[in-house]
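# Close look at the chain arrangement
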Amino acid sequence: MSRKKRKKKIGSRSKQQQPNHVKEIKSKLHEVFSLNDGKSYGYRELIRQLKLRDKKSKDYLKSQLFSLESKEKIRRLSDGRFVSNAESEYIQGTVDHVNPNFGYVVTPEPEEDIWVKTDDLNFAIHGDLVSVLVTKPSGKGYRPEGKVVNILKRNREEFVGRIEVSQKFSFVVPDSRNIHFDIMVYPEKIGKAKPNDKVMVKIDKWHDKKNRSPLGTVTEVLGQAGENEAEIHSIMAEFGLPFRFPKKIEKAADEIPDLISDEEIKKRRDFRDVTTFTIDPHDAKDFDDALSIKELEKGKYEIGIHIADVSHYVDEGTELDKEAIDRATSVYLVDRTIPMLPERLSNGLCSLRPNEEKLTFSAVFEMDTKGAITKKWFGRTIIKSDRRFTYEEAQERIEGLDSDFTKEVVTLNNISKHLRKKKFQNGAVNFETVEVKFRLDENGKPLEVIPKERKDAHKMIEEFMLLANKEVATHIFKWKEKGKEEGSKTFVYRVHDDPDPEKLSTFSSFAAKFGHKIDLGKNLSGGLNKLMDDIQGKPEQNVLESLAIRSMAKAKYTTDPRGHFGLAFDHYTHFTSPIRRYPDVMVHRLLEHYLQGGKNVGDEEYESLCMHSSEREKRAADAERASIKYKQVEFMETMLGQEFEGIVSGVTEWGIFVEIIQTKCEGMIRMSDLDDDFYEFDEKQMRVIGRNNKRIITLGDKLKVLVAKTDIDRRTIDLELVSDK
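How each quantity is defined
Residues numbered from 1 in each chain as written. Predicted model: local features only at pLDDT ≥ 70, side-chain atom pairs only at ≥ 80, totals over all residues. Heavy atoms only, no water. Salt bridge = Lys/Arg side-chain N within 4 Å of Asp/Glu carboxyl O. Helix = DSSP H or I, 4+ residues; strand = E, 2+ residues; numbered from the N terminus. Buried < 20%, exposed > 50% of the residue type's maximum accessible area, 1.4 Å probe, protein only. Core = buried A, V, L, I, M, F, W, Y, C linked by side-chain atoms within 4.5 Å. Contact = heavy atoms within 4.5 Å. Axes fitted to C-alpha atoms, helices over the stretch in contact; angles between N-to-C directions. Parallel < 35°, antiparallel > 145°, perpendicular 65-115°, else oblique. Nonpolar A, V, L, I, M, F, W, Y, C, P; charged D, E, K, R; others polar. Phe/Tyr/Trp six-rings, centres within 6.5 Å; stacked < 30°, edge-to-face > 60°. Lys NZ or Arg CZ within 6 Å of the ring centre and 35° of its normal. Arc of directions from axis to C-beta. Patch = residues over 30% accessible without salt bridge, like charges linked within 9 Å, V, L, I, M, F, W, Y side chains within 5 Å. Areas by Shrake-Rupley, 256 points an atom, 1.4 Å probe, with all protein chains shown as cover. Lys, Arg positive; Asp, Glu negative; His and termini not counted. Charge placed at Lys NZ, Arg CZ, Asp CG, Glu CD. Polar contact = N/O pair within 3.5 Å; in protein donor to acceptor, adjacent residues only side chain to side chain. Pairing = 2+ DSSP bridges. pLDDT = per-residue confidence, 0-100.

Moving on: the pattern of salt bridges. Overall, the coordinates contain 56 salt bridges when judged by the stated rule. In this structure, Glu683 and Arg143 form a salt bridge, with 3.1 Å as the shortest nitrogen-oxygen distance. Of this pair, Glu683 sits in the loop between strand E29 (679-682) and strand E30 (687-690) while Arg143 sits in the loop between strand E6 (129-136) and strand E7 (145-153); the two residues are 540 residues apart in sequence, bridging distant segments of the chain. Residue classification places Glu683 among the partly exposed residues on the basis of a relative accessible area of 44%. Of the residues examined, Arg143 reaches a relative accessible area of 30% and is grouped as partly exposed. The shortest N-O distance in the salt bridge between Glu264 and Lys267 comes to 3.8 Å. For Glu264, a relative accessible area of 13% puts it in the buried group.

Moving on, we come to the nonpolar core. Ile305, Leu345, Phe464 and Phe575 are the most contacted members of the largest nonpolar core, which has 77 residues in total. What Leu345 contacts, discounting residues up to four positions off in sequence, is Ile256, Tyr313, Val314, Leu320, Cys350 and Ser351. In this structure, Leu531, Met532, Ala548 and Leu674 belong to the second largest nonpolar core, which totals 57 residues.

Attention now moves to unusual backbone geometry. Its identity is not glycine, yet Lys51 carries a phi of approximately 55°, on the positive side. Assignment of secondary structure puts Lys51 in the loop between helix H3 (43-50) and helix H4 (55-70). The phi angle at Phe405 is positive, at roughly 65°, despite the residue not being glycine. Examined against the element boundaries, Phe405 turns out to sit in the loop between helix H11 (391-398) and helix H12 (406-425). In this structure Phe405 comes out as partly exposed when scored by relative accessible area, which is 22%.

Two numbers describe a pair of packed helices, the interaxial angle and the distance between the axes. One can describe the packing of helix H14 (residues 501-512) onto helix H16 (residues 541-550) by two numbers: an axis separation of 9 Å at closest approach and a directional angle of 170°. With respect to H16, the element H14 is oriented roughly antiparallel. Contacts between H14 and H16 involve Lys503, Phe507 and Ala511 on the former and, on the latter, Leu544, Leu547, Ala548 and Arg550. A per-class count over the contact of H14 with H16 returns 5 nonpolar, no polar and 2 charged.

What follows deals with the packing of aromatic side chains. Here the structure, examined in full by the defined rule, presents 13 aromatic pairs. Consider the rings of Phe159 and Phe181, whose centres lie 6.3 Å apart with planes at 80°: the pair is edge-to-face. Taken together, the residues span a long stretch of sequence, with Phe159 in strand E8 (residues 158-164) and Phe181 in the loop between strand E9 (170-174) and strand E10 (183-185) at a distance of 22 residues. Ring pairing ties together the aromatic residues Phe102, Tyr104 and Trp115, which thus form one cluster. Positioned over the ring face of Trp377 is Arg269, at 4.8 Å from the centre of the ring. One residue, Arg494, lies across the ring of Tyr557, its end atom 4.5 Å from the ring centre.

What follows is about H11. All of the buried residues along H11 are Tyr391, Ala394, Gln395, Arg397 and Ile398. Looking straight down H11, one finds that the buried residues subtend no more than 160° of arc, so they occupy a single side. Buried residues in H11 make contact with strand E14 (276-280), strand E21 (387-390), H12 and helix H13 (456-477). Backbone geometry just downstream of H11 places Gly400 in the positive-phi region, at approximately 125°.

Before going further, it helps to examine a negative patch on the surface. Judged by side-chain charge, Asp673, Asp675, Asp676 and Glu720 come together as a negatively charged surface patch. Along the chain, the position of Asp676 falls in the loop between strand E28 (666-670) and E29.

We now examine the environment of Arg272. By secondary structure assignment, the location of Arg272 is in the loop between strand E13 (269-270) and E14. Separated by 149 residues in the primary sequence, Arg272 and Lys421 place their C-alpha atoms 32 Å from one another. A polar atom in the side chain of Arg272 sits 2.6 Å from the side chain of Asp270. Engagement of the side chain of Arg272 in a polar contact is seen with the side chain of Glu357, the distance being 3.0 Å.

Another point: the sheet that holds strand E31 (residues 696-698). The antiparallel open sheet is built from 3 strands, whose spatial order is E29-E30-E31. The strands lining the two open edges of the sheet, one partner per strand, are E29 and E31. The average undirected angle you get between the axes of adjacent strands in this sheet is 20°. Two elements, E29 and E30, share 4 bridges in a ladder whose sense is antiparallel. Residue pairing in the sheet places Glu680 in a bridge with Ile689 of E30.

A few words now on the sheet that holds E14. The strands that make up a sheet pair up through hydrogen bonds in the backbone, lying either parallel or antiparallel. Strand order in the open sheet formed by 7 strands is E13-E20-E19-E16-E15-E14-E21, and the pairing between neighbours is mixed. Looking at the sheet topology across the chains shown, the edges are occupied by E13 and E21. Across 2 bridges, the pairing between E14 and strand E15 (residues 289-295) is antiparallel. If you follow Phe277 over to E15, its bridge partner there is Leu291. Its contacts with the sheet place H11 against E14 and E21, and it is angled at close to 90° to E21. Most of the contacts of H12 go to E15, to which it runs at about 100°, and overall it touches E14, E15, strand E16 (300-308), strand E19 (357-368) and E21.

Let's shift gears to the confidence of the model for the protein. Summing up the model confidence of the protein, the mean pLDDT is 88 and the portion of residues at 70 or higher is 93%. Between residues 1-19, whose pLDDT stays under 50, and residues either more than four places distant or in other chains, the model counts 5 contacts.

Turning to the pairing of strand E32 (residues 702-711), a few remarks are in order. Sheet topology places strand E26 (residues 643-651) next to E32; 5 bridges connect them, and they run antiparallel. Directly across from Phe644, in E32, lies its bridge partner Val705. When E32 meets strand E33 (residues 716-721), the two strands line up antiparallel, connected through 6 bridges. Paired with Val707 across the bridge in E33 is Leu719.

Given below as structure tokens:
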């Protein structure tokens, strides 16, 4: 073969299969010009930027520049420099930094989430709003890849973590599992922090050329790591929850008079002589709802659902109101409540305590023993509760105890059962997850994990609250039928959209692994309810209930009067808990405004408040889960080395989550700790498969695990798979 022919053949082969370094040059060059920020690049500048050293690579770069120019992808300026002709498309999204190596930029629908290497996050952190450039579009089975080009809004500037102190500098190791760096603190900026303290640290500088670690200042010392107060305060600080009310807010609450004037009473419907009582948990202090019952003609009752009239005491636009808006909800951690309103209001003026005259906003219904409503009334009232029941005391009367108000409690319970039955007949879904509570010692250490029980007394109160919420929403939505104004009035609704069919299908497949079949057709709610009934008391109950809820849309607040899938209500709102939820305060104000003949209000301001309330609700739920997780980790710390039966509750590329059946605590088996084979993650089927042994571990599988390690700081439990042999 001649040298010429041989050379041609080699060239042909290299064209068919380009060497890796050639592909890398093409990719990096594409990235440089894709970033199109109007910047131009010279040939030598590109050599330095692409770190090219050998002549072949430099020649290849030159040929690529000529090729891109001929295709009009780039153009040459008069000074010989090159600039992109393309208009770069940037996508905005929120960083989800799932592990130290990479994260995702979660984008609005219908865009796919974008995979980003940690080095390409441009120092963005979990929760930041960023602008990202797609450097590689999605392919078959692959997500699009990208690079963060701009940080639009930092999610947070302060972090909570444990400080490690040394002479020259210290580091704060953040508690959050989504923060994958330490924060450096110079000695003069650690304040009074001691080694192993939990602290709050504020970022002074995110990065510089010398340091990839952010620099910070300790702003508050929370206490020694591992101590209950320090850990709970860490959770509060991590989620931005307030430690206390500002003094001016406490002062404003203290200045509210507790005397109810005769003039105010005359404006209200008087229920002080009607049998009325509250039913709440034994440790409750804020009683924001009460029930009244009066027998009318045979088989007919007047039932009042009376709610604390917070809007009477908290005027719109005041400092108290602004503080309530900011908090938007009370937060219930394992050992304390962070209230929306100061104690003077939440546990005093507004709390419907027995034998005290209280101002309320009420929904009153005339109905028969089967819950059929013949008359409705909504308005401001005054009540005087005769009795404060705990759920346990009310349950005793339902189960046959002959004592005070037994007849009234039993009558209300019987009516509530008809309301409940009708709700499910109309298509409501029976979502009831197993919640846990802790028995703590005097130092806050968990002695026992106890599943919460829901009995008839709980369900009775729930049904009457649902009734009031539904009827108030329906009353406002149908207001146009009264001829007052054309069109529905602006209102605050609680909506729950239909579930995503794909998520439902995935959930159905996992339920089938336990032998449960779900009808995903027209009778979806019936199929889900049958599943919920079938799994009661079975080991898989908690996992399947949790997965069912995860497959549903999230309920939220909005002025858009859509329906509520889970409850099968055409219209629904939150009217019954204004002491602990700001949307209920808005509902009270709007309802009173319309009842008094007020004109329709604009929805822009209320929609903004709805979005804020939904965000605050999520923050509260996340903080509550974190406090429960902390106590679960603390509880399982006493069981290191013990073996338990568990059920696979989640599968990711870095580990398998397992819920221990006995304690309801969840831990993780790290993929790196599965030493019997190399396991590959199958995202579509939510399972891992051994490369050689072909063993499959998937959601819902029963496994035997050993508690290997607990980490209070990160609130994690490490498990090891116990061999079947």
